[in-house]
Amino acid sequence: MAAAEAAASPRQSARFLYLYALAVAGGAVAYVPFLTILLPVRVTSLGDADAVSALAYIAFAGAISASLSNIGFGWLSDLTRCRRPWIIAGLALSCALLMSVRTATSVPALIAVIVVWQACLNMMLAPLAAWAGDCVPDRQKGLLGGLLSFAPALGAVSGAIVTVPALASADARLGLVAAMVAGLVLPVVAFGAPRPMPHLMTRTEPKGAAPPPVDPTGRTAIARMWLARLLVQLAEAVLFAFLLLWFRSIEPAYGDNDAATLLSIVLCVGVPMALLTGRWSDSADRPIMPLAVSAAIVAGGLLLMALAPTLGWAIAGYVVFGIASTVFLSLHSSQTLRVLTRPARRGRDLGLFNLTNTVPSLIMPWFALALVPTFGFDALFLLLAGLSTMACLLLLSIVRTVRREAR
């Protein structure tokens, strides 16, 4: 019986899963140190009088380019029915453009380079995301989500590495980032050798396999998954931009190194938590419940941050929020593949889901400007806690629907 079940529901090789997780981490390394550290330094070196405005224009143009190109290249990889050539081409072009940033001598030229770089980077990222849907069965998607939690952690670590004093000049740092990205992405392309999963390339499950716990054709389930991630990502975007300013509003002496250390600790703790939670969701066949629970914990962390009377309580609230959001976003990325089961448009549909990563950067500043100057960060965090609670309720509605249909 066990052998028959294993044959009916094959597993992907551990080698591919681990190498794939490294490649996704390579995607994070491609943009985290550059956008958070190297790009601001480059803008400042251009001598622009208003570096903040220049960075805002660059971020806006880059987000639009990333959104459209992720959808476009995901769709093209669907049409060609081949992911790896797009990944390799995107890797080569994005690394070359990253190193060409040093040739931009004005803000308009830098904006143009960033727009093209974002397009080429997403030529790699969109097919890479869809490749997991082609190769990883549902029974391993929780494990995959746990492994994906390494991506933000390695992205943060790479920023610390490239900024080590005397390690490399400002221009050489760009080449160092490109080398790290290539070193992380190429192994899965060259040596991943995923086992074929024919049932993932059709809309039917293999004979004898258990029915999926989430209705893959339900548009409402897809919409609720999309909206839930968007609501949590809004909170993540706010904290990414304003964490240090918020801590300093409570304790003016709180330093940037303190914030960086706290972020590293949260990410390091979040990785094993995501792995354990992902493995449990696979073994218990409960893919959505961990997402709902982690969204509720995110809301709790934000509520604690809003009510924090001291820096200690504020840090505790952020730790709760940071760990829970790491688990949520990592597992959501893999479980999204469970509801997007149409291989003919998997890359395109994942590109539409990727809007939940880029749209918050366009919405978040307006939330902050509307609330913080008048009501303070407390009101902003209360709003975000409410939105995260809505995400939890959306996901619980999927769980209830699945249970009702199973009866």
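Notes on the structure in this doc start here. Computed from a predicted structure; not experimentally measured.

Before going further, it helps to spend a moment on the overall build of the protein chain. Helices and strands together make up the secondary structure of the protein chain, namely 14 helices and zero strands. Starting at the N terminus and walking to the C terminus, you meet the elements of the protein chain as α-α-α-α-α-α-α-α-α-α-α-α-α-α. For 407 residues, the compact-globule estimate of 2.2 N^0.38 gives 22 Å, and the C-alpha radius of gyration of the protein chain, at 21 Å, lies within 12% of that figure. By its C-alpha atoms, the protein chain is 70 × 50 × 30 Å across when sized along the principal axes. Among the 407 residues that make up the protein chain, the fraction classed as buried is 49%. Here the analysis covers contacts within the protein chain between residues at least 6 apart in sequence; of these, 83% occur between residues at least 24 apart. Taking the average place of the 28 positive charges on the side chains of the protein chain and the average place of its 18 negative ones, the gap between the two points comes to 11 Å.

It is worth spelling out helix α12 (residues 311–339) at this point. Since one α-helical turn is 3.6 residues long, residues separated by three or four positions face the same way. Look at α12: 41 Å from first C-alpha to last across 29 residues, which is about the 42 Å you get at 1.5 Å a residue. Of all the 29 residues making up α12, 21 are buried; the element is thus mostly covered by neighbouring parts of the structure.

This next bit is on a nonpolar patch on the surface. A surface patch of nonpolar side chains, amounting to about 510 Å² of accessible area, comprises L22, F150, L154, V157, I161, V164 and L167. Ranked by residues supplied to the nonpolar patch, first place goes to helix α7 (residues 150–162) with four residues. Along the chain, V164 falls in the loop between α7 and α8 (170–191). You can call V164 partly exposed: its relative accessible area is 37%.

Okay, helix α11 (residues 289–307) next. Its 19 residues give α11 an end-to-end C-alpha distance of 27 Å, which sits within 8% of 27 Å, the value for a rise of 1.5 Å per residue. All of the buried residues along α11 are M289, P290, L291, A292, S294, A295, V298, A299, G301, L302, M305 and A306.

Moving on, we come to the state of the cysteines. Counting across every chain of the model gives zero disulfides. With no disulfide of its own, C82 has C135 as its nearest cysteine by sulfur position, at a separation of 11 Å. For C82, a relative accessible area of 33% corresponds to the partly exposed category.

Moving on to the side chain of N70. Position of N70 among the secondary structure elements: in helix α3 (residues 51–80). Overall, N70 belongs to the buried group, its relative accessible area being 6%. At a separation of 2.8 Å, a polar atom in the side chain of N70 contacts the side chain of N122. The contact partners of N70, leaving out residues within four places of it in the chain, are N122, L125, A126, L350, G351 and N354.

What follows is about the pattern of salt bridges. Considering all chains together, one arrives at seven salt bridges under this definition. We note a salt bridge from R346 to D134, for which the minimum N-O separation is 2.5 Å. Here R346 is found in helix α13 (residues 346–375), whereas its partner D134 is found in helix α5 (residues 107–135), with 212 residues between them in sequence. Across this residue pair, the class does not change: R346 and D134 are buried. Where D349 meets R345, a salt bridge forms, and the shortest distance between an N and an O atom there is 3.4 Å. Assessed through its relative accessible area of 27%, R345 is described here as partly exposed. Among the charged side chains, a salt-bridge network with shared partners connects D78, R83, D134 and R346.

Take the packing of aromatic side chains next. Counted according to the given criterion, the structure contains 10 aromatic pairs. Ring centres of F247 and Y318 lie 6.4 Å apart, and the angle between their planes is 85°; on these two criteria the pair is classed as edge-to-face. With a gap of 71 residues between them, F247 in helix α9 (residues 219–250) and Y318 in helix α12 connect regions that are remote in the sequence. In this structure F247 comes out as buried when scored by relative accessible area, which is 0%.

L302 and F381 are the most contacted members of the largest nonpolar core, which totals 102 residues. Aside from chain neighbours lying at most four places away, what touches L302 is A235, L239, F321, F381, L384, A385 and S388.

Looking now at the packing of helix α6 (residues 141–148) against α7. Put simply, α6 and α7 touch, their axes get as near as 5 Å, and they point 10° apart. Between α6 and α7, the angle is such that the two are roughly parallel. Two secondary-structure elements touch here, α6 through G146, L147 and L148 and α7 through F150, A151 and P152. A breakdown of the residues in the contact of α6 with α7 according to their chemical character gives five nonpolar, one polar and no charged.

All right, on to the packing of helix α2 (residues 14–45) against α6 then. Contact pair α2 / α6: the axes reach a minimum separation of 9 Å and the direction vectors enclose 40°. Between α2 and α6, the crossing angle belongs to the class labelled oblique. As for the relative orientation of α2 and α6, their crossing is right-handed in sense. Contacts between α2 and α6 pair L17, Y18, Y20, A21 and V24 from the former with L143, L144, L147 and L148 from the latter. When grouped by side-chain class, the residues that make up the contact of α2 with α6 number nine nonpolar, no polar and no charged.

Counted according to the given criterion, the structure contains one cavity of 30 Å³ or more. Within this model, the largest cavity holds a volume of roughly 30 Å³. Contributing to the lining of the largest cavity are A30, S94, C95, L98, W117, L121, A178 and V181. Breaking the lining of the largest cavity down by element, the ones donating at least two residues are α4 (84–100), α5 and α8. If one sorts the elements of the lining of the largest cavity by residue count, α4 sits on top with three residues. Looking at the lining of the largest cavity, its residues break down into seven nonpolar, one polar and no charged.

How each quantity is defined
- Residues numbered from 1 in each chain as written.
- Predicted model: local features only at pLDDT ≥ 70, side-chain atom pairs only at ≥ 80, totals over all residues.
- Heavy atoms only, no water.
- Helix = DSSP H or I, 4+ residues; strand = E, 2+ residues; numbered from the N terminus.
- Rg over C-alpha atoms; globule rule 2.2 N^0.38 Å.
- Buried < 20%, exposed > 50% of the residue type's maximum accessible area, 1.4 Å probe, protein only.
- Contact = heavy atoms within 4.5 Å.
- Lys, Arg positive; Asp, Glu negative; His and termini not counted.
- Charge placed at Lys NZ, Arg CZ, Asp CG, Glu CD.
- Expected span 1.5 Å × (residues − 1).
- Patch = residues over 30% accessible without salt bridge, like charges linked within 9 Å, V, L, I, M, F, W, Y side chains within 5 Å.
- Areas by Shrake-Rupley, 256 points an atom, 1.4 Å probe, with all protein chains shown as cover.
- Salt bridge = Lys/Arg side-chain N within 4 Å of Asp/Glu carboxyl O.
- Disulfide = S-S within 2.5 Å.
- Polar contact = N/O pair within 3.5 Å; in protein donor to acceptor, adjacent residues only side chain to side chain.
- Phe/Tyr/Trp six-rings, centres within 6.5 Å; stacked < 30°, edge-to-face > 60°.
- Core = buried A, V, L, I, M, F, W, Y, C linked by side-chain atoms within 4.5 Å.
- Axes fitted to C-alpha atoms, helices over the stretch in contact; angles between N-to-C directions.
- Parallel < 35°, antiparallel > 145°, perpendicular 65-115°, else oblique.
- Nonpolar A, V, L, I, M, F, W, Y, C, P; charged D, E, K, R; others polar.
- Left-handed = near helix turned anticlockwise from the far one by under 90°.
- 1 Å grid on protein atoms, 1.4 Å probe; cavity = no way out; pocket = protein on both sides within 12 Å on 5 of 7 lines; lining within 4 Å.
- Points joined across faces, edges and corners; volume = space filled by probe spheres on them.

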